[in-house]
Amino acid sequence: MRRINLPLILDTFFAGICAFLLFFTALRYYTKNVIIALVFGIAACLLFGALGFLYISKKQNKSLLLSRDEKAKKQLSLHLSLSSDQYVKNLFKQCFESAKIRGKRLICGEQSYFFNFKMQPLSEDDAAAVIKYKTNGEKVIFCVKSSPEAAALCENFAIKLIGIDEVYPLLKQKNLLPEKYVYEGPEKISFFKKIKLRFTRRLCAPLFWSGLSLLALSYFTFFSIYYIISGGIMLILAAVVLVIN
């Protein structure tokens, strides 16, 4: 079942309402004709609402893809950090043909792969431990990320660093991403809780004063029903926001 994109709906609705209010108010003032103002106001609401929907949805989709990759990388980083050394070596052995496990490293051709997955950046001490390791050929360290000092030290000793930004696409390409992570992440927030989080107590005062002002204006305008309805909705929302928070 596809989830309801509440932020997109609310932002689109807000853009449409703003366009409607602007066109309706301006045309009603200049033409003195409520019907014309209403027609053009609705047309503007639909037009700008649709444009807002297309722009926001495109922007959200791009951000969603990036955030999903970042979330997957963080989950993979924690998973590899919490996994045993043997699990990690067996996992990466499947990535390289003719790779063999030998002690703490993985040998593939002339390269020796070392694994240092932890949530903290690779330190100079971690790099020094690999430097002291006697082996022929190129040395490669797989890690989540490295400190600038460790990266500079590895560069001086011709050691290649492969961070999580390269590890994730490598495992994904080989279909070796874990089906179940050691830690799946925090519990998902329910739909109603998400709604509650968007309506904070900070909205209470602006909604209250805006609603009160609209109700007050309804006594001095010809089209009072709009001010009464809008003001009433704002006052109700202010009360609801105050109660649920």
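Fair warning: this is a prediction, and the values are worked out from it, not measured in the lab.

Thresholds, definitions, all that
- Every chain's residues receive numbers from 1 upward, in the order its sequence appears when written.
- Totals for whole chains, interfaces and linings use every residue, but because this is a predicted model, local features are given only for residues with pLDDT of at least 70 and side-chain atom pairs only at 80 or more, for both listing and counting.
- Where side-chain values are given, they derive from all heavy atoms of the structure, hydrogens and water being excluded.
- We count a stretch as a helix when DSSP gives it H or I for four or more residues in a row; a strand needs E for two or more, and each element gets its number in order from the N terminus.
- We call a residue buried when its accessible area falls under 20% of the maximum for its residue type, exposed when it is over 50%, and partly exposed in between, using a 1.4 Å probe and counting protein chains only.
- Patches here are clusters of residues that have more than 30% relative accessible area and form no salt bridge, with a 9 Å joining cutoff for like charges and a 5 Å cutoff for nonpolar side chains (Val, Leu, Ile, Met, Phe, Trp, Tyr).
- All accessible areas in this document rest on Shrake-Rupley with a 1.4 Å probe, and a residue is counted as covered only by the protein chains that are shown.
- Think of a salt bridge as a Lys or Arg side-chain nitrogen and an Asp or Glu carboxyl oxygen that are within 4 Å of each other.
- Only Phe, Tyr and Trp rings are paired, with Trp represented by its six-membered ring, and only when their centres lie within 6.5 Å; those with planes under 30 degrees apart are stacked, over 60 edge-to-face, the remainder tilted.

Enquirer: So, unusual backbone geometry: which residues are in play, and what are the values?
Expert: In terms of backbone geometry, most residues other than glycine have negative phi values and most peptide bonds are trans. Although it is not a glycine, A158 adopts a positive phi angle of roughly 55°. Looking at where A158 falls in the secondary structure, it is placed in the loop between α5 (148-156) and β5 (159-162). Its relative accessible area of 59% is what places A158 among the exposed residues. Its identity is not glycine, yet N175 carries a phi of approximately 55°, on the positive side.

Enquirer: Requested: an account of a nonpolar patch on the surface, with residues and values cited.
Expert: Nonpolar side chains collect at one region of the surface, where L22, F23, L47, F48, L51, F53 and L54 lie side by side and expose about 670 Å² of accessible area between them. Top element by residues in the nonpolar patch is helix α2 (residues 34-82). It accounts for five residues. Its location among the elements puts L51 in helix α2.

Enquirer: How would you summarise the packing of aromatic side chains if you had to cite specific residues and measurements?
Expert: With the rule as written, the count across this model stands at 11 aromatic pairs. Ring geometry for Y113 against F142: centres 5.5 Å apart, planes inclined by 80°, an arrangement best described as edge-to-face. Here Y113, found in strand β3 (residues 111-116), pairs with F142, found in strand β4 (residues 138-143); they are 29 residues apart in sequence, far enough to count as distant. Across this residue pair, the class does not change: Y113 and F142 are buried. Connected via pairs of aromatic rings, a cluster forms that spans F92, F96, Y113, F115, F117 and F142.

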